[in-house]
Amino acid sequence: MDPECARLLPALCAVLADPRQPVADDTCLEKLLDWFKAVTEAGSSLLLLQENPCLVELLFHVLKPQDLSSRILSFALRLAGTFAAQENCFQYLQQGELLPGLFGEQGPLGAAAWAAPTVRSGWIQGLRSLAQHPSALLFLADSGAVDTIFSLQGDPSLFVASAAGQLLVHVLDLAMRSPAEGCGPAEGHGRPQARDWPACARRIVCHLEDCLCSEATPRVTQALHVLTTAFGHCHGLWTQGLWVQLSPLVARLLEKDPVPAPHALVELLLSVARSSVPSSDPGLWETAAQTLSCLSPMQAGPLAAGILKLQDCPQTLRTHAFGVLLRPLACVLEAAAQAPGIPGLLEGAAGDPMAVDMLPPSKSACVGLLCSTLAHLELLQPLPQRPSPWPQAPLLAAAVTILRFCNGSAAPSSEVGGRLCAMLVGCVRVQRAALDFLGVLSQGLGPRELVTQVFAVLLEYLVSPDSSPTVLKKAFQATLRWLLSSAVPPGCCDLEPRAQLVLGELLAVLQKRLCSPCWEVRDSGLEFLTQMTRRWGGQAGFRQALLASEVPKLTSQLLQDPESYVRASAVAAAGQLSSRGLLAAPSSPEYPAGPQKTPLEELLLVLTTDSEGFPRRAAMRVFTEWLRDGHVATAEDRERFVARVLQAASGDLDWEVRVQGLELALVFLQQLLGARGPGEAPPGALAQALRALCRVQLFEFAFRSLFDCDRPVAQKSCDLLLFLRAKAAPSGSLQEAGDSPDVAPVEAALRRWRAGEQGQPLGELAPEAVLAVLRSMDLEALRDTLAESSDHVERSPQSLLQDMLATVGVLGDNEADCY
């Protein structure tokens, strides 16, 4: 421990033990505990207590009857557990009967403080830290702590109840890994038998058996949660014996009607399936199959999806699970009279008059079932272990049918179908889920007529005035994914004729959506336009259709949209259109005959005058992309372009704009040097690059940014200057004639900027002076300093102790490190 911390510790312990003093806030106590944990992990807890007896005195003081804060009592319990985690320190604290006083019945358990959840939580966490060695097991058994843990599983505080369950698992694992009474280690080469388990472990298992046999659902749930945690976090062979012991009781739960705690039961079965148990007990799969049959579709869905994600699982169970997962979609197709014409989706349910009736009668339950089913299938589709063959066509038909039910265009074939249509029509939640799933299905192939239906229903949603902004955004995203999958061949810019026709219709829809009174709709339309232009901006059919529409003109007009998010999206779209030569010059109703601005002038105007940060950031990203790609606006006079952009970016109040300005400067530097890899640049190229950088006044921006109050800006500037210095030969690439370069003005400016002063601009610099300053600066040390967190000094233990003492006036004003 630091000597200064050791000096402050007695005063702090006295403050914590004094009920009259203001209680330290929870954050300080947590930081204090973290520090003690770090100290004990790095050394001996026993030595720490012997060198700092004030800590033991604090713990003893807590035992005295007094009006002590529940937070301080909880802190003391956790602190004692931290020290007692080392066995020799545990025995040292046992000698003074300190641990029984804290964790036994004569401690907080029997006091009024036990009513506070904070104290109960501290008691559990203290025992969790303490239970690390065989001596702790004996203490837990003798002190009655195990019974208290059992009771805390049903605590009204969910945090306390959850922590109690986790502690029970930890104690069970510790007992199974520790030597049993009169036996060898519980964890040997073979699977330990139940009769060989230590007494503490047998007691916990008996408690779990009692809970599983209980008629009270909360007790069953507690046992299932404990077992789920055990099989998920413990990997010893003893877990196989535990499952053999308890699996009959778990299976017996399925005989009850209704099945108690179905969600917890599903979590347990999946946790066991992911453990080492299946290799030793194939009966697990029988229990899982029985569970799939006993639970409702909503309850069984997560189990079915979890089984299908397993790497090793019997094929019959996988088939069963996939059938359970697909059954709601089969019902939807049956309700729309489409199942007979689309084979492959749960043939057993198609044509079954009972199949449609399995959908829940209430709207909320039906919506929840469909959304969860679609979400499970969406996550399953890209996995390599997904079922094969994958029923792509029936799934496409189901997704399209659900979307048609939602917009009222489906044709129900029965009374149940009509009821389903009434429940789903206008349901935004199902629409979003179905559109997400439809987008994922674009990764596979489908029959031509079905793909035509996909585009048709997507266009219906894009055109419909009833589509909400979120639904419209997802419809745009799904449409883009299907257009990308329709490229011929895949990956090229050419679209098949059917998709080409859709593209033309999309531009008409887009033109309408860009005029929407809802800003979210305009924003989604611009994002879709940007993505389409990036992908098909060079395709003749797309260019012709786009230029024949009003979309480019509307995009330019939206640069003045009242909503900043829309302006930012318009900047990105205009940048992409301009890169492809597709941007129309904006026209102003007020000045129809006035001079028209170029795209560069329009975006520079955004960068210099827009009051919000989002559009200015977007403009900087566009300019960087233009420079990187050789846009015509940059190619005509690259230096002038960079100078104008850097002048605007360097004075921007938004730190992200300044960072992007430095990124543009780095791209410019790399282009000047003609090399992106490591190594020195040729002397001639370096000299020309430095002169160009000086002309665009990059160095003033970079040097000033080194001391920017926003750390990302300083880090970016440091990286830029380190890159440049690495390109310069150590001996000096430039010929320095006569005297050394005059670096005094630059160094004086750096001192002013470091002190936070503005100072006068540097003006045009000599390349030799720049190199000399670069070589004299310790940029590596600055980079390391910037990599540290901003509060690295204030987070020190000494600072923490000083702050806590200053809060109660123990320290003088000059000693406090309050920030």
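Refer to the structure above for everything that follows.
Residues numbered from 1 in each chain as written. Predicted model: local features only at pLDDT ≥ 70, side-chain atom pairs only at ≥ 80, totals over all residues. Heavy atoms only, no water.

Draft legend 1. Summary view of the nonpolar core. Grouped together as the largest cluster of nonpolar side chains are 277 residues, with contacts concentrated most on Trp123, Phe623 and Phe699. When neighbours within four sequence positions are excluded, Phe699 is seen to be in contact with Leu690, Leu693, Cys694, Leu721, Leu724, Leu765 and Val770. (Core = buried A, V, L, I, M, F, W, Y, C linked by side-chain atoms within 4.5 Å. Buried < 20%, exposed > 50% of the residue type's maximum accessible area, 1.4 Å probe, protein only. Contact = heavy atoms within 4.5 Å.)

Draft legend 2. Spatial organisation of the environment of Gln576. Its place among the elements puts Gln576 in helix 29 (residues 564–579). Take Gln576: its relative accessible area is 6%, and that puts it in the buried class. Put simply, Gln576 and Leu529 are 47 residues apart on the chain and 9.0 Å apart in space, counted from C-alpha to C-alpha. The residues touching Gln576, leaving out its near neighbours within four places in the chain, are Thr530, Thr533, Arg534 and Glu625. (Helix = DSSP H or I, 4+ residues; strand = E, 2+ residues; numbered from the N terminus.)

Draft legend 3. Looking closely at unusual backbone geometry. The omega angle of the peptide bond from Asp257 to Pro258 is 0°, so this bond is cis rather than trans. As for its position among the elements, Pro258 is in the loop between helix 14 (238–252) and helix 15 (262–273). Of the consecutive residues Ser388 and Pro389, the connecting peptide bond is found in the cis state with omega at 5°. Within the element layout of this structure, Pro389 appears in the loop between helix 19 (363–380) and helix 20 (392–407). We note that Gln697 has phi near 60°; this positive angle belongs to a residue other than glycine. Structurally, the position occupied by Gln697 is in the loop between helix 35 (683–695) and helix 36 (698–705). Assessed through its relative accessible area of 47%, Gln697 is described here as partly exposed.

Draft legend 4. Seen up close, the packing of helix 2 (residues 26–42) against helix 5 (residues 70–84). Where helix 2 meets helix 5, the axes come as close as 10 Å, and the angle between the chain directions of the two elements is 10°. On the basis of their axis angle, the class for helix 2 and helix 5 is roughly parallel. Facing Asp26, Leu29, Glu30, Leu32, Leu33, Phe36, Lys37 and Thr40 of helix 2, the residues of helix 5 in contact are Arg71, Ile72, Phe75, Arg78, Leu79, Thr82 and Phe83. Looking at the contact of helix 2 with helix 5, its residues break down into eight nonpolar, two polar and five charged. (Axes fitted to C-alpha atoms, helices over the stretch in contact; angles between N-to-C directions. Parallel < 35°, antiparallel > 145°, perpendicular 65-115°, else oblique. Nonpolar A, V, L, I, M, F, W, Y, C, P; charged D, E, K, R; others polar.)

Draft legend 5. Layout of the pattern of salt bridges. Throughout the structure, instances matching the rule amount to 22 salt bridges. The shortest N-O distance in the salt bridge between Arg7 and Glu4 comes to 2.4 Å. With Arg7 and Glu4 both in helix 1 (residues 3–17) and three residues apart, this pair spans about one turn of that helix. Residue Arg7 is classed as partly exposed on the basis of its relative accessible area of 48%. Classification of Glu4 by relative accessible area gives partly exposed; the value is 24%. Notably, a salt bridge pairs Asp708 with Arg658, separated by 2.9 Å at the nearest N-O pair. Residue Asp708 is located in the loop between helix 36 and helix 37 (711–727), and its partner Arg658 is located in helix 34 (residues 655–673); the two are separated by 50 residues in the primary sequence. Connected through salt bridges with shared partners, the residues Arg617, Asp654 and Glu656 form a single ionic network. (Salt bridge = Lys/Arg side-chain N within 4 Å of Asp/Glu carboxyl O.)

Draft legend 6. Helix 17 (residues 297–309), seen in detail. If you check helix 17, its first and last C-alpha atoms are 18 Å apart, about what 13 residues at 1.5 Å a residue would give, namely 18 Å. Residues of helix 17 that are buried: Ala300, Gly301, Leu303, Ala304, Ala305, Gly306, Ile307 and Leu308. Of the surrounding secondary structure, the elements contacted by the buried residues of helix 17 are helix 15, helix 16 (283–294), helix 18 (315–335) and helix 19. (Expected span 1.5 Å × (residues − 1).)

Draft legend 7. Broad picture of helix 25 (residues 497–513). When the terminal C-alpha atoms of helix 25 are compared, their 24 Å separation across 17 residues agrees well with the 24 Å that a helix rising 1.5 Å per residue should span. Within helix 25, the full set of buried residues consists of Arg498, Ala499, Val502, Leu503, Leu506, Leu507, Val509, Leu510 and Arg513. Taken together, the buried residues of helix 25 touch helix 23 (448–463), helix 24 (469–485), helix 26 (519–536), helix 27 (540–547) and helix 28 (551–557).

Draft legend 8. Quick look at the packing of aromatic side chains. In this structure the tally under the stated criterion is 12 aromatic pairs. Between Phe231 and Trp243 the ring centres are 6.0 Å apart and the planes differ by 85°, which places this aromatic pair in the edge-to-face class. On the criterion of sequence distance, the pair formed by Phe231 in helix 13 (residues 217–233) and Trp243 in helix 14 is long-range, its members being 12 residues apart. Accessibility assignment for this pair places Phe231 and Trp243 in one class, buried. Clustering of aromatic rings is evident, with ring pairs tying together Trp35, Phe36 and Phe83. Lying over the aromatic face of Phe614, Arg617 brings its terminal NZ or CZ to 5.1 Å of the ring centre. (Phe/Tyr/Trp six-rings, centres within 6.5 Å; stacked < 30°, edge-to-face > 60°. Lys NZ or Arg CZ within 6 Å of the ring centre and 35° of its normal.)

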